[in-house]
Amino acid sequence: MTAFVLVSGPFTGGWVWEETATRLRAAGAQAYPVTLTGMGERRDGSGAEAGDGIDLDTHIEDLVRLVDGIAATEVVLVGHGYGLHPVLGAADRRPGRTARIVALDTALPEDGAAAVRAVPDPEVRARLEPVTGPPGAAEAPIPPPTRGTWPRWGSIEGVPAEALARLERLSAPQPPGTLTQPLRLTGAASALPVTGVLCTADGSSIDLVEMLVESGPPQFRALADAGVRFLELATGHWPMLSDSGELAEVLLRAAAGEGHRVALPERRSGRERRSGRERRSGRERGSGQDQGSGHDQGSEGAQGSGREQGGRHEPPPHLLPFLLDVPEVTRERHGRIDLHLPEADGPADRPRPAVVFVHGGPIVPDQRPTPRDTPFFLGYGRYVAGLGAVGVTLDHRLHGLADYPRAAEDLAEAVAAVRADPRVDGDRIALWFFSTGGLLAADWLAAPPPWLRCVAANYPALAPLPGWGAVESRFRPVDAVRAAASTSAGRPPIVLTRAGLEHPAFTATVREFLDAAAESGAEVEIVDVPLGHHAFELVDPTDASRAAVERAARSVLGHLGG
């Protein structure tokens, strides 16, 4: 018999699983909805209620004791949100008793990661940071969200009004130590099978996972391991409240080992990929010449080690070399920005235009190398410096979906610092956005300053992706380009580079943006890479990709008068 141990996210307890547990039991399984120490009915009015002494280890021990008392031969541990942290800790301590781990609409944390790192609410993250938070705030219980802030913690799509009211009524403060204590894993459970249940209305999907494995940060390559499967649910982040029957069916399928396995794409050398894609292009498109034409460092990246392929050690995608051969130039570091400086014309060198490159995300705060130190952004910075402009690379703080305002502040401060540099012509600035960094273009398109001569974007998201309800409505370039129609005389031209094999969610936002741009009369130059994927500069270093980068850069610099 299969026993499901059901562990929910922060502020909640076993009560959220009641309907799902009933359906699992009706199907012949055992179900154990868990209320962790200090939560829900396990707040006893003493120190436990205030969270004193309660941390992640406390909750791991809760689960270990429960697992030890289960007689069923097959125990499936289900973790939702924060609940995945104690689930992984318990599996690490009882790998022989755990048949499978199910990650419900939640990314798998790594050894040493504290749950606060994945908290989507920036106010809570700031509160738990001893350096920046108010005195004593890091030790105080975290109050549960209000009706207006629950969406920061995941989409509430599909949750009936009465269930949402119950969520608000029964939610409890979260002991801070559960979020700040790092998860320590020995690796004992590393061989256990894992099923990821993706809630598509919260922005997750198998298509998105496949894109991340192909071109995202290195830790996503583990999602293609043989023991990992994926299932989808067409609902928001709280399926136990929005669709308990379908969730129960999916959990039963997961326990049976069903699900989609993501394939790790074969990677070849730049020369092999170039010749192979060009041969396919010739067969599929006749002469098939590209019409001209950032990689998102993002989504919780962390340094990886690459893999062996054909006797070679292949680096992870974000550490692949830049597709153009660019010479090194002088690089200066000033806080969050790096300046890649062109060669001086002489002692009286004139101020130069500048191009500011803006990465996507979200990325984890401790990702190494940071975006500006990757070959990708080093390559872009050096490339435009070689063409006579100052290349500016930036590390902004887009660590969660609710962080776009903070990232926008970082970008605005960076641009102000660049314009104040005497070597920069402050009246000739371009902004070049990549991937989900494209949402940061909204402010600049809505109210463009006269010195912003060009906005460029490669494979961008130009509206929040499905399920990204935590992103403020302000960050919609689609709406910004419409709103700026009345000021068309001062609007900067837009250079938009599209990947022909882009993820559908990104493609939809670009299509919507182009429709809005056409309606408002915005000037948009489109650079297409028909056989390119997201982050084509890294994963598709073909002649067509090189031509696209060169054409886009020439266009941007042309608008700068450089």
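In what follows, the structure referred to is the one given above.
Residues numbered from 1 in each chain as written. Predicted model: local features only at pLDDT ≥ 70, side-chain atom pairs only at ≥ 80, totals over all residues. Heavy atoms only, no water.

Student: How should the side chain of His 534 be read in this particular structure?
Tutor: Relative to the elements of secondary structure, His 534 occurs in the loop between β16 (524-529) and α17 (536-539). The buried category is assigned to His 534, whose relative accessible area is 4%. At 2.8 Å, the side chain of His 534 forms a polar contact with the side chain of Ser 435. Within the local environment of His 534, its side chain forms a polar contact with the side chain of Glu 502, the two groups lying 2.9 Å apart. (Helix = DSSP H or I, 4+ residues; strand = E, 2+ residues; numbered from the N terminus. Buried < 20%, exposed > 50% of the residue type's maximum accessible area, 1.4 Å probe, protein only. Polar contact = N/O pair within 3.5 Å; in protein donor to acceptor, adjacent residues only side chain to side chain.)

Student: What is the right way to read the packing of aromatic side chains from this model?
Tutor: For any pair of aromatic rings, the description consists of the separation of the ring centres together with the inter-plane angle of the planes. This structure, assessed with the given rule, holds 18 aromatic pairs. Judged by centre distance (5.4 Å) and plane angle (85°), the rings of Phe 377 and Phe 434 are edge-to-face. Taken together, the residues Phe 377 in helix α12 (residues 375-386) and Phe 434 in strand β13 (residues 424-434) connect sequence positions 57 residues apart. Summarising the burial analysis for this pair, Phe 377 and Phe 434 share the class buried. Aromatic ring contacts, followed pair by pair, group Phe 322, Phe 357, Phe 376, Phe 377, Tyr 380, Trp 432, Phe 434, Tyr 459 and Phe 536 into a single cluster. (Phe/Tyr/Trp six-rings, centres within 6.5 Å; stacked < 30°, edge-to-face > 60°.)

Student: Just to check I follow, could you spell out the packing of helix α3 (residues 56-68) against helix α4 (residues 84-93) for this structure?
Tutor: Packed helices, taken two at a time, are described by their axes: the angle between them and the distance between them. α4 packs onto α3 with a crossing angle of 60° between their chain directions and a minimal axis gap of 8 Å. What the angle tells us is that α3 and α4 run oblique. Crossing handedness for the pair α3 and α4: right-handed. Contacts between α3 and α4 pair Leu 56, Asp 57, His 59, Ile 60, Glu 61, Leu 63 and Val 64 from the former with His 85, Pro 86, Val 87, Gly 89, Ala 90 and Arg 93 from the latter. (Axes fitted to C-alpha atoms, helices over the stretch in contact; angles between N-to-C directions. Parallel < 35°, antiparallel > 145°, perpendicular 65-115°, else oblique. Left-handed = near helix turned anticlockwise from the far one by under 90°. Contact = heavy atoms within 4.5 Å.)

Student: It is not clear to me how the environment of Ala 21 should be interpreted in this structure. Could you clarify?
Tutor: Take Ala 21: it is sitting in helix α1 (residues 18-26). For the pair formed by Ala 21 and Leu 6, sequence separation is 15 residues and the distance between their alpha carbons is 8.4 Å. Setting aside residues no more than four positions away along its own chain, Ala 21 makes contact with Leu 6, Ala 31 and Pro 33.

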